[in-house]
Amino acid sequence: MTNQSAQTVHDEYWHVHVDKETYGSFFYTSLLYLTDYDVDFSGGRFIFIDKAANVTVEPRKGRVSFFTSGSENAHHVEKVSSGRRFAITISFTCDNNYAISDPVVRGEDPIVHGEERD
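The structure displayed is predicted, hence computed values, not measured ones. (Residues numbered from 1 in each chain as written. Predicted model: local features only at pLDDT ≥ 70, side-chain atom pairs only at ≥ 80, totals over all residues. Heavy atoms only, no water.)

*Asks:* How should I be thinking about the pairing of strand β5 (residues 64–68) in this particular structure?
*Replies:* Remember that side chains alternate between the two faces of the sheet whenever the strand is regular. Because side chains alternate across β5, one face comprises the buried residues Ser65 and Phe67, and the other comprises Val64, Phe66 and Thr68, none of which is buried. The pairing of strand β1 (residues 28–33) with β5 spans 5 bridges and is antiparallel. In the sheet register, Thr29 faces β5, and the bridge partner there is Phe67. (Buried < 20%, exposed > 50% of the residue type's maximum accessible area, 1.4 Å probe, protein only. Helix = DSSP H or I, 4+ residues; strand = E, 2+ residues; numbered from the N terminus. Pairing = 2+ DSSP bridges.)

*Asks:* Which parts of the structure should I look at to understand the environment of Phe41?
*Replies:* The topology assignment puts Phe41 in strand β2 (residues 41–43). Along the primary structure Phe41 and Arg84 are separated by 43 residues, whereas in three dimensions their C-alpha atoms are 5.4 Å apart. Leaving out residues up to four positions away in the same chain, Phe41 has contacts with Thr35, Asp36, Pro59, Val80, Ser82, Gly83, Arg84 and Arg85. (Contact = heavy atoms within 4.5 Å.)

*Asks:* Help me understand the pattern of salt bridges, please; the structure alone is not making it clear to me.
*Replies:* When charged atoms on two side chains of opposite charge get close, those side chains can pair. Taken as a whole and judged by the stated rule, the model has 3 salt bridges. The salt bridge involving Arg45 is made with Glu78; its shortest N-O contact spans 2.8 Å. Highlighted residues: Arg45 in the loop between β2 and β3 (46–48) and Glu78 in the loop between β6 (75–77) and β7 (80–83), separated in sequence by 33 residues. Judged by relative accessible area, Arg45 falls into the partly exposed class, the value being 23%. (Salt bridge = Lys/Arg side-chain N within 4 Å of Asp/Glu carboxyl O.)

*Asks:* Explanation requested: the pairing of β1 in the structure shown.
*Replies:* Direction of pairing for β1 relative to strand β8 (residues 87–92): antiparallel, over a ladder of 6 bridges. Its bridge partner lying in β8, Leu32 is registered against Ile88.

*Asks:* What exactly am I supposed to notice about the packing of aromatic side chains here?
*Replies:* Two numbers describe a pair of aromatic rings. These are the distance of the centres and the angle of the planes. Per the counting criterion, the structure on display carries 8 aromatic pairs. Ring geometry for Tyr23 and Phe26: centres 4.8 Å apart, planes at 25 degrees, overall stacked. On the basis of relative accessible area, Tyr23 is assigned to the partly exposed category, the value being 32%. Aromatic side chains Tyr28 and Phe66 sit 5.9 Å apart centroid to centroid with 15 degrees between the ring planes, which places their arrangement in the stacked category. Taken together, the residues Tyr28 in strand β1 and Phe66 in strand β5 connect sequence positions 38 residues apart. The rings of Tyr28, Phe66 and Phe92 are connected pair by pair, giving a single aromatic cluster. (Phe/Tyr/Trp six-rings, centres within 6.5 Å; stacked < 30°, edge-to-face > 60°.)

As structure tokens, then:
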């Protein structure tokens with residue numbers, strides 16, 4: 001993330017959103033931070049919205065955040081005001097319609113679920 005203008009609505013990370021509503025396949029969301037807040041960039045903190053009190057996560061290189069993707073975890077990210085903020089987002093699904101098949105390595109027989117290889 002940078003302080004450049006958003007190209008699509010999904011680039012507008014500073015708006016409060018729910019991952020499950022934005023991306024129907026998300027059941028769980030994880031973030032692996034690759035840069036440090038207040039070292040590599042300014043702004044860009046991750047904020048969970050809560051009626052009692054918001055919870056702020058300051059990105060640190062190597063820090064992992066993992067949460068359910070439903071309305072119980074509405075959130076946004078502060079606009080990055082300087083520098084570059086890098087994170088890897090990995091989503092997990094519980095819906096077979098969005099499942100990704102296990103890869104088949106060339107030269108190996110594919111594994112059929114529930115069956116063992118000889």
